[in-house]
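Descriptive analysis of the structure
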Amino acid sequence: MCGIVAITASGRREDLGLILTESLKRLEYRGYDSVGIAVIDGGALRLAKNVGTVDIVARVEGFARLSGSVGVGHTRWATHGAPTRENAHPHTDCGRRIAVVHNGIIENYAELREMLRSRGHVFTSETDTEVVPHLVEELKSSGTDTYSAFKKAVSALRGAFAIVLIDVDEPRRIFFARRVSPLIVGLGDEAILASSDIVSILPFTNRVIVLNDDEVGYAEPGLVFIEALGGGPVDLGGRVVRVEYAMGEFEKGPYEHYMLKEIREQPHSLAQTLSGLVSAKEEVERAVRILGGSDTVYFIGAGSSYHASLIGALYLRYLGFRAYAIVASEAGAYLRGVREGDVVVAVSQSGETIDTLLAVRESIRRGAKVVALVNNPLSTIAREADAYVYLRSGPEISVAATKTFTSQVAALVYLGSALTGDSSRVDRVLESLRRLPDVTALVIESSESVAKSLAKRMSSVPSAYYLGRAFGYPISAEGALKIKEVAYVHAEAYPAGESKHGPISLVVCGFPVFFTVVGELDELIEGNIEEMKARGAYAITVLPSGMATPVIEKNSDVMIQLPRLSLEVSLVTHVVPYQLLAYYTAVERGLDPDKPRNLAKTVTVF
Ligand code: GLU
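So, a few notes on the structure that sits alongside this text. (Residues numbered from 1 in each chain as written. Predicted model: local features only at pLDDT ≥ 70, side-chain atom pairs only at ≥ 80, totals over all residues. Heavy atoms only, no water.)

Turning next to the pairing of strand β12 (residues 215-220). With respect to burial, β12 is a largely interior element, six of its six residues being buried. Going residue by residue along β12, you find E215, G217 and A219 tucked away on one face and V216, Y218 and E220 tucked away on the opposite face as well. The pairing of β12 with strand β13 (residues 223-228) spans six bridges and is antiparallel. The residue bridging G217 from the neighbouring strand is I226, located in β13. A loop of two residues connects β12 with β13, the two strands running antiparallel in sequence, and G222 in this loop sits at a positive phi of about 80°. (Buried < 20%, exposed > 50% of the residue type's maximum accessible area, 1.4 Å probe, protein only. Helix = DSSP H or I, 4+ residues; strand = E, 2+ residues; numbered from the N terminus. Pairing = 2+ DSSP bridges.)

Turning our attention to helix α11 (residues 354-365). Along its 12 residues, α11 runs 16 Å from first to last C-alpha, staying within 8% of the 16 Å computed at 1.5 Å per residue. Residues of α11 that are buried include every one of I354, D355, T356, L357, A359, V360 and S363, and no others. Summarising the contacts, the buried residues of α11 are in contact with β7 (159-167), β15 (297-301), α10 (331-334), β17 (343-348), β18 (369-374) and α12 (380-384). Two residues or fewer past α11, G367 is found with a positive phi of approximately 95°. (Expected span 1.5 Å × (residues − 1). Contact = heavy atoms within 4.5 Å.)

Turning our attention to helix α8 (residues 281-292). An α-helix turns once every 3.6 residues. As a result, residues three or four positions apart point the same way. The terminal C-alpha atoms of α8, which comprises 12 residues, lie 16 Å apart, in line with the 16 Å expected from a rise of 1.5 Å per residue. The set of residues buried in α8 consists of E283, V284, A287, V288, I290 and L291. Around the axis of α8, the buried residues are gathered within 160° of arc, so they sit on the same side. Opposite its buried face, α8 presents the exposed residues K281, E282, R289 and G292, each directed more than 90 degrees away. Buried residues along α8 sit in contact with α7 (266-279), β15, β17, β18, β19 (387-390) and α13 (403-419). (Arc of directions from axis to C-beta.)

Moving on, we come to the packing of aromatic side chains. Centre distance and the angle of the planes are the two values used to describe a pair of aromatic rings. Throughout the structure, instances matching the rule amount to 14 aromatic pairs. Between Y318 and F471 the ring centres are 6.1 Å apart and the planes differ by 75°, which places this aromatic pair in the edge-to-face class. Pair noted here: Y318 is in helix α9 (residues 304-318) and F471 is in the loop between β20 (463-468) and α16 (472-487), with a separation of 153 residues, a long-range link. Where Y466 meets F514, the ring centres are 4.4 Å apart and the plane angle is 20°; that geometry is what we call stacked. Remark: F514 occurs in strand β22 (residues 512-516) and Y466 occurs in strand β20; sequence separation between them is 48 residues. Overall, the relative accessible area of 0% leaves F514 in the buried class. Over the face of the ring belonging to Y324 we find R317, whose NZ or CZ atom lies 4.9 Å from the ring centre. (Phe/Tyr/Trp six-rings, centres within 6.5 Å; stacked < 30°, edge-to-face > 60°. Lys NZ or Arg CZ within 6 Å of the ring centre and 35° of its normal.)

Structure below.
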């Protein structure tokens, strides 16, 4: 996770600290337990870092006072060592002439640290990262230049990393390397930058080079050099891509939180997803062609993307195909049976989720084809897949996925129907999906007030169940995940029928149990509601209007009735009340839903 950024500007800039601060704010979704920057100015390294959010640390540590032409910045999601000032990046060597920022995990850091210690290096943090500046310092001590030492140091590392290093001895250069963790180089007129994500450098440029695994290099104004570790220099001719983003998409606008903005934005993001599915014909046709040749389809995702995967797999089964969903971090075990003829659909908002990426690589190794469903066409997963479908949801800043989840489901439903090869079905599904923007707006509007009032109750309960049958289960799982993530209410999703095999033992008077009814009513859910109600549960049923039977009506303490829609549309919109409930519960509890503790978006560590 962690976000890293680096800049080498054409001349000395008084505002270098401010530039790094602004870039880090855009990377904060990647981690926010501590923040730091380092610049080279007047022949010395100047460092400022501490625990806290970008805003706070920048103010307290005076980032704005730092100037220079070269600098690095980091926002951390700790993997090795607690979030403390000492463990915050950048990390330096003993001579405090080298500064390093890192995203990822250096697996062999303990042995490197031992070796460096025995050579007299003194470590000041518990991180894996700190071995890098010391190793470069050590290698330089025999007269090697910075780049050769950096390259040698990187070759000695095992694990996953995006690293940028600056050195007082090379005051115009930034040095970078990448393996697994993402890193791009941005080519601006006033500066060359490196970053974990293009969003952080957009004010400077939208022309970028995406580094491949095991590429290493350096940049200074007017010059970028990249080579493959163990290979030769890379021809950068065809590597520069231009990314189109509107800067306004990154602003919070009138909203207090990005999460609410992104929930309310769904009519628009879904319209974008749909028009992309229709207009990017080649992209979609390629994906459908690959899927069409499959024996079995495996959907792989993590977090919300796993729940979208569950819906994707179930929808394909509903259409008569053989499909499974696999949690990305467990894929290693499940992929053993995958072989040539199978297709893996990798679902990842960022396209960088490391567990999903590793599953993609393993699937390719086993001869399967891979279709990626991503919100970033430049991402590693998109680039390594045989085909990708780009969601076009726009940037999602809040850590909890909302609009990208609904876009994923809409795209999966569309791909599923296209897979049948039945053009009248495809037309019918497309026709109903076209209603999504209007219908989603309606669902948001109609569930807003009930979500707010339920949030008051949910803000004081320790635990809740979210139950559903068939498609109702993955939607319940997404609902439970949202409230857990942002409001810290323990919530568990269960297949409704399975809930009597254990979970029901916790139910006492007033225990909230949500029931998700989507698509055709499976009457067995009536029994499940009655069972919970008989134990005093507080039952909240989310269902299409007109579908409540007398039993459901009698047993539901609250009914959230949504417009009655086609299955395909409901699969997308049914989660909306749960998103709103999670948001308002977090607000009710005085929490910041955009930055839930211990979480980060774009999980790039195992
Ligand atoms: N391993 C580094 C640390 O704990 C970087 C963590 C990350 O990229 O999430 O500081």
